[in-house]
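Structural characterization, general
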Amino acid sequence: MRKAYKSYRMKFFGNLKMQKVCCEGDGLIKAVGPADIIESQFKGAKFDNVLDASGMCVIPGLVDAHTHPVWAGDRVHEFAMKLAGATYMEVHEAGGGIHFTVSHTRSATEQQLLDGLQSRLERMMRAGTTLVECKSGYGLELDTELKMLRVINSARNSLPIGISATYCGAHAVPKGKTMEEATQDIMAVQLPKIKMQIASGELQVDNIDVFCEKGVFDLNSTHCILKAGKDMGLNINFHGDELHPMNSAHLGAELGALAISHLEEVTDDGIAAMARAKTSAVLLPTTAYILRLSPPRARDMLDAGVIVALGSDFNPNAYCCSMPMVMHLACVLMKMSMPEALAASTINAAYALNRSHTHGSLEIGKQGDLVIINAPRWEHLVYQFGGHQELIRYVIIKGEVVYENAKVLNL
C-alpha cells in the first residue's frame, strides 16, 4: 500500500519547543517546524504512522563520505604488526595491506562479496548512517573491478541505505606491473569498459578515485586517470597527501575535484587552493588513529574556509562502521567542535558526494533521512564514545523506519 504521510514528533536539536517533521509517500520532507504550526497545516490529514519522540532529539541521517566496504579476507593479523610499530607501507611491502585483500577479493564469488557488503551496510545503518560512499579498488584489473561495482549496484537495489558508488581501480599498482603499465590498463581497458556499461545502464557509478601517493600513483598518472574519469561525467573524489606531501590538494583544485580524502600531509598552500576551488576535504580520523599518524589539520582547514567532511574509511585496515565514533575522534584528535563534527557528518559529507541538494539536512523537499536519539541533547551521540547502540532509537530513510531499537536506555 502506498503510504500517504508519515509524521515524526520530536524535540529538534535539543530545542525545548516541540517540533514536527512530516514526510509524504515519496519519502521527501514536506514540513519542518513547531508542532502547532504543523498541526494546523496538516489538519485533517491521515497519517499511516506517528512516532512520538517526546524528550528525544532528531538529527539528519549521517553521511559516511569514504568507505571501502566490498572485500573478502581478514586482516586482523596485521593489527599486531601495526601495534609492533610497522608502518602502512611496511605492511604493504611485506605482502599485506591492499594486496592481501586483492588476492582474496579476486577469488571470492559475487554472492560472497554481496553478503559481506550487505552485512556491513546494515551495521552502518544501525549506527545512524543513511548515505554512504562505497569504493571498488580491491580488484586492480577489469573483471574484479566490474564484479565489485556490480556488487555495489546490487546492494543499492536491495537495501534502503543510499549509496554513492566510486570506481577506485587505481587503489594500488598490481603485482607484476609498473605504475605506467597500471595507468595504461586503467586508461585503455578499464575506463572504456566501465563507460560502456554506464551508458547501457548495467552500472551506476558516481565518482572516480586514485590513491595519489609515493610508491603508488604519482601526480602525472593521477592527473591522467582523474581527468579521464571527469570526461566520462564522474565526480573526482580521490586519496591525496596522506603519507607524503604530493601536492594532491593543488591537483584536485586544478581539476575541480569534488573532494580529496586523507590530507594528513597537506600544505598550507594546498589548503588555500582547496578553499578557493570549493573542493571538500574528507578527513578520516580512524586512519590517523590506527596508523598513529599526525591527524589532518582540521582546524586550519576550517579556519581557511575549506568544506570539511568526515568519513569512516571503513576497510580491513580501519574497521569502523560507526560515524558517531568517527565524530568523537574528530573532536578529540582534530580539535573540531561537536557542531562542526555533526555538520561534517551530514551536510558537508553530502556535499562531498554531490548530494547536498537532496541529503544532509532537514529541509522541505529533501529526502526524509533522520536519526532519532533517546537523549535530551544530540551531543550525547558524540560524547558517549561507542554509546550509539544505547542511544539511537530510530533510523529513518526516505520516511521509512529502517531500524528501531527498543532497548535504548534513558539517561
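Up top is the structure these notes are about.
This write-up is about the structure you can find in this document. Small disclaimer: the values here were computed from a predicted structure and weren't measured.

Conventions adopted
Residues numbered from 1 in each chain as written. Predicted model: local features only at pLDDT ≥ 70, side-chain atom pairs only at ≥ 80, totals over all residues. Heavy atoms only, no water. Buried < 20%, exposed > 50% of the residue type's maximum accessible area, 1.4 Å probe, protein only. Helix = DSSP H or I, 4+ residues; strand = E, 2+ residues; numbered from the N terminus. Pairing = 2+ DSSP bridges. Right-handed = clockwise from strand over helix to strand, strands pointing away. 1 Å grid on protein atoms, 1.4 Å probe; cavity = no way out; pocket = protein on both sides within 12 Å on 5 of 7 lines; lining within 4 Å. Points joined across faces, edges and corners; volume = space filled by probe spheres on them. Nonpolar A, V, L, I, M, F, W, Y, C, P; charged D, E, K, R; others polar. Axes fitted to C-alpha atoms, helices over the stretch in contact; angles between N-to-C directions. Contact = heavy atoms within 4.5 Å. Parallel < 35°, antiparallel > 145°, perpendicular 65-115°, else oblique. Left-handed = near helix turned anticlockwise from the far one by under 90°. Salt bridge = Lys/Arg side-chain N within 4 Å of Asp/Glu carboxyl O.

What about the pairing of strand β11 (residues 280-283)?
Within a regular strand, side chains alternate between the sheet's two faces. Neither face of β11 is exposed, since S280 and V282 on one face and A281 and L283 on the opposite face are all buried. Where strand β10 (residues 259-262) and β11 come together, three bridges link them in parallel fashion. From the neighbouring strand, S261 faces β11, where its bridge partner is V282. Running through helix α10 (residues 268-277), the crossover from β10 to the neighbouring parallel element β11 is right-handed.

Notes on the layout of surface pockets
Rolled over the atoms, a probe as big as a water molecule pinpoints where empty space is left. By volume, the largest pocket is sized at about 410 Å³. Surrounding the largest pocket, 18 residues form its lining, F79, I290, N317, A318 and Y319 being those nearest its centre. Among the residues forming the lining of the largest pocket, the class breakdown is 12 nonpolar, three polar and three charged. Empty space within the second largest pocket amounts to approximately 260 Å³. What lines the second largest pocket is simply R123, R126, A127, Y319, C320, C321, S322, M325, H388, Q389 and Y403. For the lining of the second largest pocket, the secondary structure elements donating two or more residues are α5 (110-126) and α17 (388-391). A breakdown of the residues in the lining of the second largest pocket according to their chemical character gives six nonpolar, three polar and two charged.

Focus on the sheet that holds β11
Pairing is parallel across the open sheet formed by eight strands, whose spatial order is β5-β6-β7-β8-β9-β10-β11-β12. Lying at the two open borders of the sheet, with one neighbouring strand each, are β5 (62-64) and β12 (308-310). The sheet shows a mean angle of 25° between the axes of neighbouring strands, direction not considered. Set on the sheet, helix α9 (residues 248-255) makes contact with β9 (235-240) and β10; between it and β9 the angle comes to about 175°.

A word on the packing of helix α8 (residues 219-231) against α9
What describes two packed helices is the angle between their axes and the distance between those same axes. Interhelical geometry of α8 versus α9 gives an angle of 25° and a closest axis separation of 11 Å. As judged from the angle between their axes, α8 and α9 are roughly parallel. Along this stretch, α8 crosses α9, giving a crossing that reads as right-handed. Counting all contacts with α8, which are made through L219, T222, H223, L226, K227 and K230, the residues of α9 involved are S248, L251, E254 and L255. Its residues assigned to classes, the contact of α8 with α9 comprises four nonpolar, three polar and three charged.

Some details on unusual backbone geometry
Positive phi is not limited to glycine here, since D241 has a value of about 50°. Checked against the element boundaries, D241 lands in the loop between β9 and α9. One non-glycine residue with positive phi stands out, namely D313, at about 55°. Among the secondary structure elements, D313 is positioned in the loop between β12 and α13 (323-334). Accessibility expressed as a relative area gives 4% for D313, which makes it buried.

Regarding the pattern of salt bridges
When the charged atoms of two side chains lie near each other, side chains of opposite charge can form a pair. This model, assessed by the stated rule, comprises 16 salt bridges. Beyond isolated ion pairs, a larger network of salt bridges with shared partners links R75, E78 and K82.

Just distances and angles here, no functional claims.
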